[in-house]
Structures are given as C-alpha cells and as structure tokens.
Amino acid sequence: LDQVDRAAEPTRAATLLGLLAGHRHTALDHGAALAAYAQAEQLLTAERPSAERARVLADHAHALLTYERPVEAVLRCEEAIAVARLVGARAEEARSLDVLATCLNHPAELDRSIALHLEARRIAEQVGDVETVIETYGHLAFTLGLAGRDRDALDDAQEGYQRARQLGLEHATGSYIAGWLAWHLLGSGQWKECERFTTDALA
C-alpha cells in the first residue's frame with residue numbers, strides 16, 4: 001500500500017485495503033478491519049462500477065455481520081449484488097448472495113435465506129469459484145438447522161464435505177464443513193458415526 005498512489009490507482013489501492021482488512025479481521029483487530037474496508041469503499045465511490053467494488057462491499061458486509069451489525073451488512077450486500085450484476089461479475093455476485101443469505105438467519109427470512117444460498121452455490125459452481133461453493137455448504141447447513149430441517153442439514157453437510165474433498169479443500173474451507181457435519185451427526189443421534197468421523201478428521 002505504501003508503494004501505491006491512491007489517487008492514481010484507486011482500484012488497486014482499494015483491492016489491497018480489502019485484503020488488509022481481511023487479515024485484520026482474521027487477527028480479530030475489528031476496528032482496524034472495518035476502517036480498512038471503509039477506506040477501500042471510499043476510494044471506489046467515485047469510480048465506475050466494478051467487480052472490485054462488489055467484492056469490497058461483500059467482504060465489508062461479512063465483517064459487519066460478524067460484529068453483529070446486520071442492518072449495515074444487508075445494505076452493502078444489496079449494493080454489491082447490484083454492482084456485480086451490472087458489470088457481469090458472477091463470482092462476486094455469488095459471494096454477495098451468500099453473505100446476504102447469511103444476514104437473513106432469523107425466522108421470518110429463513111426460506112429466502114435458503115433460496116439465496118442455493119442460488120449463490122449454483123452461480124459459484126458455474127464460474128468455478130470453489131471457495132464460495134464450499135462456504136455455501138457450511139452456511140446452508142446452519143440455516144437449515146435453524147429452520148428445523150435437520151435431515152436436510154445433515155445431507156447438505158455430507159455433500160459439502162465430499163465436495164470439499166473433490167476440490168482439494170478438505171483441510172481448508174472443508175474443515176468448517178467438517179465441524180457442521182459432526183454437529184449434525186451428533187444432533188441426529190448418530191453417535192458412533194460422529195465419533196468415527198471426528199477421529200478420522202482430526203487425524
């Protein structure tokens with residue numbers, strides 16, 4: 001970032017700020033993460049709609065949701081989806097739809113949330129965005145559980161874990177799916193299967 005002229009290359013600077021914000025978020029430096037996302041958004045405000053802007057908005061929304069600021073998160077998701085569709089940025093559209101679906105995990109919106117997760121997965125599969133594909137499995141398993149659809153949640157988590165293995169993400173994003181799969185096996189009373197699966201996964 002120190003080597004980038006933000007006035008001359010705002011999109012490049014915003015992309016780097018978005019990456020920095022993601023690292024700050026992972027490091028639990030919440031204030032610095034949100035500040036970096038806000039700077040990235042500001043740099044792109046006067047620029048033409050772009051995939052980069054959609055990505056920054058979606059990632060900022062995800063962080064806001066994590067910090068329990070869902071109203072702000074939803075507004076950014078909706079803008080991210082509109083921008084992504086305007087410029088034909090399908091991967092960013094899928095990411096934005098998945099984050100929006102995650103924002104809607106309350107009783108009145110669960111059916112819509114489930115539909116959005118599935119739409120995000122379909123688009124991500126079409127464009128080969130494997131990270132988003134796998135993320136939708138974890139997010140949807142959680143939402144299905146909230147909706148009382150435990151059998152569907154278990155089936156989706158099992159499918160997601162197998163998909164993660166196929167894509168070589170078993171030990172990355174797939175570990176998140178493994179957690180949900182173990183949880184749903186336990187909740188469905190399949191204790192021996194849960195013990196076998198968790199033992200194998202931890203090994």
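Residues numbered from 1 in each chain as written. Predicted model: local features only at pLDDT ≥ 70, side-chain atom pairs only at ≥ 80, totals over all residues. Heavy atoms only, no water.

Undergrad: So what about the overall build of the protein chain? Which residues, and what values?
TA: Helix and strand counts for the protein chain come out as 10 helices and 0 strands. Relative to its length of 203 residues, the protein chain is compact, with a C-alpha radius of gyration of 18 Å against a globular reference of 17 Å. Within the span of the protein chain, comprising 203 residues, buried residues form 44% of the whole. A sequence separation of at least 24 residues applies to 52% of the contacts in the protein chain between residues at least 6 apart. Total accessible area computed for the protein chain in this model is approximately 10600 Å², and 54% of it derives from carbon and sulfur atoms. Looking at the protein chain, you have 20 positive and 31 negative side-chain charges, and the mean spots of the two groups are 2 Å apart. (Helix = DSSP H or I, 4+ residues; strand = E, 2+ residues; numbered from the N terminus. Rg over C-alpha atoms; globule rule 2.2 N^0.38 Å. Buried < 20%, exposed > 50% of the residue type's maximum accessible area, 1.4 Å probe, protein only. Contact = heavy atoms within 4.5 Å. Areas by Shrake-Rupley, 256 points an atom, 1.4 Å probe, with all protein chains shown as cover. Lys, Arg positive; Asp, Glu negative; His and termini not counted. Charge placed at Lys NZ, Arg CZ, Asp CG, Glu CD.)

Undergrad: So what's going on with unusual backbone geometry? Which residues, and what values?
TA: Positive phi outside glycine occurs at Leu 28, with the angle close to 65°. Here Leu 28 lies in the loop between helix H1 (10-26) and helix H2 (30-45). With a phi close to 60°, Glu 68 is a non-glycine residue in the positive phi region. Relative to the elements of secondary structure, Glu 68 occurs in the loop between helix H3 (51-66) and helix H4 (70-87). Since its relative accessible area comes to 69%, Glu 68 is described here as exposed.

Undergrad: A description of the packing of H1 against H2 should follow, citing residues and the corresponding values.
TA: As a packed pair, H1 and H2 sit with axes 8 Å apart at the nearest point and diverge in direction by 165°. Our classification of the angle between H1 and H2 gives roughly antiparallel. Along this stretch, H1 crosses H2, giving a crossing that reads as left-handed. Between H1, through Pro 10, Thr 11, Ala 13, Ala 14, Leu 17, Gly 18, Ala 21, Gly 22, Arg 24 and His 25, and H2, the contact on the second element is made entirely by Ala 32, Ala 33, Ala 36, Tyr 37, Gln 39, Ala 40, Leu 43 and Leu 44. A class-by-class count of the residues in the contact of H1 with H2 yields 12 nonpolar, 5 polar and 1 charged. (Axes fitted to C-alpha atoms, helices over the stretch in contact; angles between N-to-C directions. Parallel < 35°, antiparallel > 145°, perpendicular 65-115°, else oblique. Left-handed = near helix turned anticlockwise from the far one by under 90°. Nonpolar A, V, L, I, M, F, W, Y, C, P; charged D, E, K, R; others polar.)

Undergrad: Any chance you could break down the pattern of salt bridges for me, citing the residues and the numbers?
TA: If you walk through the whole model with that rule in mind, you get 16 salt bridges. Here Arg 90 ties to Glu 93 by a salt bridge, and the two come within 3.1 Å at their closest N and O atoms. Of the two residues, Arg 90 and Glu 93 both sit in helix H5 (residues 90-103), 3 residues apart, roughly one turn of that helix. Residue classification places Glu 93 among the buried residues on the basis of a relative accessible area of 5%. (Salt bridge = Lys/Arg side-chain N within 4 Å of Asp/Glu carboxyl O.)

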